[in-house]
Structures are given as structure tokens and as C-alpha cells.
Amino acid sequence: MKKKTQIAQGSLSRIQEKNRALILEAALQEFSKVGYSGATVERIATAAGMSKSNLLYYFPSKAAMYESVLGRILDDWLAPLRTLDPLGDPAQELRAYIGSKLTISARHPQASRLFANEIMRGAPRLGRVLETDLKALVADKCDVIESWIKAGKIRPVNPVHLIFTIWATTQHYADFAPQVRAITGTDLSDPDFFAETEKTVTDLILAGLGLQMPQAAKVA
């Protein structure tokens, strides 16, 4: 029997691209609710509004869907980090990065929690990507931060721990959203709470680097 293979994303028509996006969104919701083990192809197909056989045309297995969902999450998260400009003003660059990370946490909390669960399980399906692509990107951006330190633009700090701190603070509001709501009565979906969170987190991180909030970004 011929083995099914996942069709290449670049070869999809517009309708196929739409169907693939529907599948990935349905898969994200399913995996984030019940985990990889509890998820079923049948429920994902139903949520995507198609038959199981049609879904398997795009993804040959539950594992293929899971890995694609995780890959999309990682791509979305790393996009803002890639824009960190060594020639830019550190306060502006970091403010924009923190704001982008909080925006992702606000808009895609299920994705953040799913990714966190994968990492806590030992990253069985993302280990290679974390050790290669992610590690290389972080090393590149550590060089950017080191260049700011050498130029006297920010206080000396371990660049890796700075990046980890930004990840931890921004993703907390998605990964621990029930705790945030229990304590504050709201979450990042509230524009006022989002603005307050963004200002506070940005102020704290910039202050630790000897920087101030850029004038244009200050929140009244």
C-alpha cells in the first residue's frame, strides 16, 4: 500500500490554502483543549467542516497536524525577534518586541499554552528545531544585544537571560490566563489591562537596562 504524504504547502491552490488553514485552526483548538493524546482526527475534521478523508488529503496523520500546528506557532512567535535591529534604538526595539509578544499572547492564548505543554513534555516533536533553528536565531540576537552593550547603549546583561525574561513575562499572561483572571478579574483581551500590562512590563525591563520608555510609546 502506497504511503500517504503531506502535500507541500507551496503547491496548494487558494482553496486548498483556505482548507489547510481551517484544519490547522481546528487542530489548534482540539490539541489545546485535550492534548495530543486526547485529540482525534475525526473531531478535528468535524470542526474544520470536512470529512476525515478530505482532511487526510492535507495531513496524513494526527502527528503531521500536530507538528504543523507547533511549527506555525513557533514561526509566529519568532517573527518579532527576527526584526530586532542592531542599528535601531535599543529602547524602541525592545519596546516593540515586548509589545509584539504581548499581542501574540492576547490574540493566541491557546497557541501559547499548547507550546508550553509541548516544552514541559520534553519537546519530543520540537527538539531538533529548538536545538538548531531557534538556537541559531537566539545566538544572532544575542550578538545584537552585545553590540548595544559594547556601544554603551544599555547596561551589561547576559543577553540570553534578557530574552528568556521577555519570553517569561509576556507569555505568562497567556499560559496562566486563568490565574491572571482570578487575581485581576480580567486579561489581555481588555484593552485597558493590555495597555497597563505592556507599559509595566516594558518599564521594568527597560529600567533594568538603564533605559526609559520612548516618549512616543508612553501611555497616559
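Reading guide: rules and limits
- Residues numbered from 1 in each chain as written.
- Predicted model: local features only at pLDDT ≥ 70, side-chain atom pairs only at ≥ 80, totals over all residues.
- Heavy atoms only, no water.
- pLDDT = per-residue confidence, 0-100.
- Contact = heavy atoms within 4.5 Å.
- Helix = DSSP H or I, 4+ residues; strand = E, 2+ residues; numbered from the N terminus.
- Buried < 20%, exposed > 50% of the residue type's maximum accessible area, 1.4 Å probe, protein only.
- 1 Å grid on protein atoms, 1.4 Å probe; cavity = no way out; pocket = protein on both sides within 12 Å on 5 of 7 lines; lining within 4 Å.
- Points joined across faces, edges and corners; volume = space filled by probe spheres on them.
- Nonpolar A, V, L, I, M, F, W, Y, C, P; charged D, E, K, R; others polar.
- Salt bridge = Lys/Arg side-chain N within 4 Å of Asp/Glu carboxyl O.
- Core = buried A, V, L, I, M, F, W, Y, C linked by side-chain atoms within 4.5 Å.

Undergrad: A description of the confidence of the model for the chain should follow, citing residues and the corresponding values.
TA: On average, the chain scores 90 in pLDDT, and the residues at 70 or more come to 92%. Predicted confidence is poor over residues 1–5, with pLDDT under 50, and the contacts of this stretch with residues over four places away or in other chains come to three contacts.

Undergrad: Any details on the side chain of Lys141? Residues and values, ideally.
TA: Mapped onto the secondary structure, Lys141 falls in helix α7 (residues 127–150). Given the relative accessible area of 5%, Lys141 is considered buried. Among residues more than four places away in sequence, those in contact with Lys141 are Leu81, Arg82, Leu84 and Ile163.

Undergrad: Any details on unusual backbone geometry? Residues and values, ideally.
TA: Located in the positive-phi region is Ala123, a residue other than glycine, with phi close to 50°. Tracing the sequence through the fold places Ala123 in the loop between α6 (109–120) and α7.

Undergrad: A description of the layout of surface pockets should follow, citing residues and the corresponding values.
TA: Empty pockets left among the atoms are what a rolling probe the size of a water molecule brings to light. By volume, the largest pocket is sized at about 440 Å³. Looking at the lining of the largest pocket, the elements with two or more residues in it are α4 (62–82), α6, α7 and α8 (159–175). Classifying every residue of the lining of the largest pocket gives 13 nonpolar, three polar and three charged.

Undergrad: Quick rundown of the pattern of salt bridges? Include the residues and the values.
TA: This model, assessed by the stated rule, comprises eight salt bridges. In this structure, Glu42 and Lys52 form a salt bridge, with 2.9 Å as the shortest nitrogen-oxygen distance. With Glu42 in helix α2 (residues 41–48) and Lys52 in helix α3 (residues 52–58), the pair connects residues that are ten residues apart, well separated along the chain. A residue is classified by how much of its surface remains accessible, and Glu42, at 42% relative accessible area, is partly exposed.

Undergrad: I'd like a description of the nonpolar core, backed by residues and values.
TA: Among the nonpolar cores identified, the biggest contains 64 residues, and Ile23, Phe31, Leu55 and Met65 are the most heavily contacted of them. Among the elements that take part in this core, α4 stands out by supplying eleven residues, more than any other.

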